[in-house]
Amino acid sequence: MKIASIISMKHDHMLQQLPVGIMLINKEDCIEFANAMAREICELDDDNELRPLSEVIDHPATINVKQLHQHVDSIDTIKSNQQKILSVYRPFFSEQGTLTGVILMFESLQIFDKQVLEFTDKKMLESIIKESMKHHHSDFRVVMADNTEWFVSQNWNQLNEKQTQRVDLLATKAIHARREILERVQISANWGAGSLEIISKPLWNHGKIAGCMQFINKNREQDTEEELKMAQHLIRKLESSYRMSDIIAASPAMKIAKEQAKLYANMDTPIMIKGEVGTGKQMMARAIHDLSEWRDYPFYYVRFSELQNALSSQFPINQKGTYYIYMDSKLPQDIQEQLLEKMTKLPHIRIIFGTVKAIHSTDWMDDLYDILQRYVLVLPNLKERSEDFQPLISSILNMLDQKYQKKVAAIDDQVLARLLNQDWPGNVMQLEQTLENIVLRVSFGTEVLTMAHLEEGVDSSVETGTTVDKSLQEAIDQFEKDYIFSALKQNQFNKSKTARELGVSVRNLYYKMEKYNMERGANS
Ligand SMILES: Nc1ncnc2c1ncn2[C@@H]1O[C@H](COP(=O)(O)OP(=O)(O)OP(=O)(O)O)[C@@H](O)[C@H]1O
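Residues numbered from 1 in each chain as written. Predicted model: local features only at pLDDT ≥ 70, side-chain atom pairs only at ≥ 80, totals over all residues.

**Some details on the packing of helix 18 (residues 495-502) against helix 19 (residues 506-515)**
- Where helix 18 meets helix 19, the closest approach of the two axes is 9 Å, and the angle between their N-to-C directions is 100 degrees. By the angle class used here, helix 18 and helix 19 are roughly perpendicular. Every residue of helix 19 that contacts helix 18 at K495, S496, T498, A499 and L502 is listed here: V506, L509 and Y510.
- Of the residues assigned to the contact of helix 18 with helix 19, the class counts are five nonpolar, two polar and one charged. (Axes fitted to C-alpha atoms, helices over the stretch in contact; angles between N-to-C directions. Helix = DSSP H or I, 4+ residues; strand = E, 2+ residues; numbered from the N terminus. Parallel < 35°, antiparallel > 145°, perpendicular 65-115°, else oblique. Contact = placed C-beta atoms within 7 Å. Nonpolar A, V, L, I, M, F, W, Y, C, P; charged D, E, K, R; others polar.)

**Side note on the site of the ligand**
- Surveying the vicinity of the ligand reveals 19 residues, the closest of which are I248, G280, K281, Q282 and V428.
- Listed by contribution, the elements that provide at least two residues to the shell around the ligand are helix 9 (281-291), helix 13 (386-404) and helix 15 (427-441).
- Classifying every residue of the shell around the ligand gives 10 nonpolar, seven polar and two charged.
- Per-domain counts for the shell around the ligand show at least three residues from each of domain 3 (242-380) and domain 4 (386-515). (Near = placed C-beta within 6 Å. Domains from an automatic or database assignment.)

**Examining the nonpolar core**
- Ranked by internal contacts, the top residues of the largest apolar core, which has 23 residues, are A261, I271, I273, M284, I288, Y324 and I352.
- Within the residue set of this core, elements represented by two or more residues are helix 8 (252-265), strand 11 (271-274), helix 9, strand 13 (321-326) and strand 14 (349-355).
- The residues touching M284, leaving out its near neighbours within four places in the chain, are I247, A261, I273 and L379.
- Grouped together as the second largest cluster of nonpolar side chains are 20 residues, I31, A36, I41 and V102 included. (Core = buried A, V, L, I, M, F, W, Y, C linked by C-beta atoms within 7 Å. Buried ≥ 20, exposed ≤ 12 C-beta atoms within 10 Å, placed from the backbone.)

**Topic: the pairing of strand 3 (residues 72-77)**
- In this sheet, strand 4 (residues 84-93) lies alongside strand 3 in antiparallel orientation, the contact comprising six bridges. By the bridge assignment, V72 is partnered in strand 4 with Y89. (Pairing = 2+ DSSP bridges.)

Put into C-alpha cells, the structure is as follows:
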C-alpha cells in the first residue's frame, strides 16, 4: 500500500502547514509526497512525486534506515543548489508492523542556525532574569512579540481568568504602544486584601520590539486607601455613564426590552434582568437607575456571594439608592429572610436583580420567589440581535477611538458577515474585546477593518498617515509585508505566481512569509 494513502487526506493539510520539510519515501526510495516546505527547500516542482530521492539529495540515508529499522540523523546536501539541510530519517511501519517506507524530515541549515542564534539570545536573557529574580519580589513574566509566553515566574499563575485576560491585553498594548504601561487592578481572593499593580514594559532587541516584560506587585494594606479613592472615582464615572439613550436597540427584541425598562424605571418594585454573560444586564440596570426617582442616589453593585458572607449587623443593603444584585450563587435561607425583610421594610431602596441562570422555585422562599418572577426583563443574546450588530460595532469603534486614537471607523461587509455568523458566548462584551484586540494591532491610519485584519490579527493595510511612530526599518518591514500580502491576495495565494510577479524566488517568498507571520495557503 502507498504510504501517502496511509497518511490520510485529513493529515495532508497539517503536513503542508508544518514549518519543516517533510517527504514520504517509499520502499523503492522514490518520493511519494513532499510538503510545501520540502518542495521549497529542494526547489521541486509540484509534479515531483515518485521521483527517486537520490536525484534530489546527495547520498540519502534511506538504505541505513531500512536495514536498521532505526532513525538516522544526518546533514545532507541538496543536489540542485548545494544547500545543506539537517535531516532526520525515520522508518515508517504499517499497522501490521511491516516497514512501508521512510519519513524524511528536514530543515534548512541556514534557518536552523538563525533559530539557534535566537535561542542563545533567549538563554542569556533567561539567566539574567533568573538572577534579577533573586533580588526582586515581584512576580513577573516575559511575553514575546508574537504573544507567546516565554517565561513565567512561580506565582504568576495565581491570577484569575479575568485578571489574566486583562494582563494579556496590557502586554499587547505595551508592545504596540512601545511604552511602559502601569495599571492597578481590583484584588482577587487568592492574593489577600489590597491591590495589584501591573507594570508592562516593552523589551527591545537590536532596536526592535522583541516582546514585553510584565511585573505584578502586590500592594496590600498601605494601598487600600488609595485604591478606595480610585474605586470611588471609577464608580462615580460609571454611574454617570449609562443612560437609556446609550443602549443600542435596533433589533425588535432589544426595542421591547428597552421599552419595558422605561416602564419599570417609573415603578418602585424589584426587577429581575435575565440574560447571558455580557448581554448588558448591568448597563440596563444603570440606565433604569438613571431614569428612576433614585437617580440622585448611589448605584450599588452587590453579589449574592457577598451577601452570604455578610453578618446581619452589617448587611450591605440599607442605604438609600439602587442595588443591582448579581445572582452569582444560591442564597441560604437565613440570608433570603434578611433580604426579604430589607425589601419589604425599607422603601428607600430599589432592588434590581441580574441573573444568567434560570430561577428554580425549589431554591427560594415562596415570597421571594414570587417577587423574583413578577417583573422580569429578558435581554436577548447577541446572536439574536443581528440588527444591533452594525450600530454596536460603530459605537464600540467610536469608544475605542477615544481610548486609543486609532481612528478605525468601520468594518467592511465581509467582516460584518463573518461576525454575524460567528458564535458569541460572551455576547456584546466579547464583541467589544474582539474589536479592541484587532484595533490595538492595526497600524495608525487604518480606517476600515478588513478580513485580513480579522483573520491574521495583524495589520495588512498600507500605512497612509504621515505620523512617524516607527523606526525606518520597521516602516520598511511594514511596507514589504503589506506589499507581499496584496500580491499574494491578487494571485489567490499561489506562491509560485506571486514569487514570479515580485521577481523573487519561491524560497525567498516563503522566507518572507515566515518572517511576517503570514499563513501558508494549501494551494502552494
Ligand atoms: N445594547 C447595548 N448597547 C450598548 N452597549 C451594550 C449593549 N449591550 C451590552 N453593551 C455593552 O456590553 C458590555 C457588557 O455589558 P454588561 O457588563 O452590562 O453585561 P452583563 O450582562 O452585566 O455581564 P455579566 O453577566 O458578565 O455581568 C458593556 O460594555 C456594555 O456597554
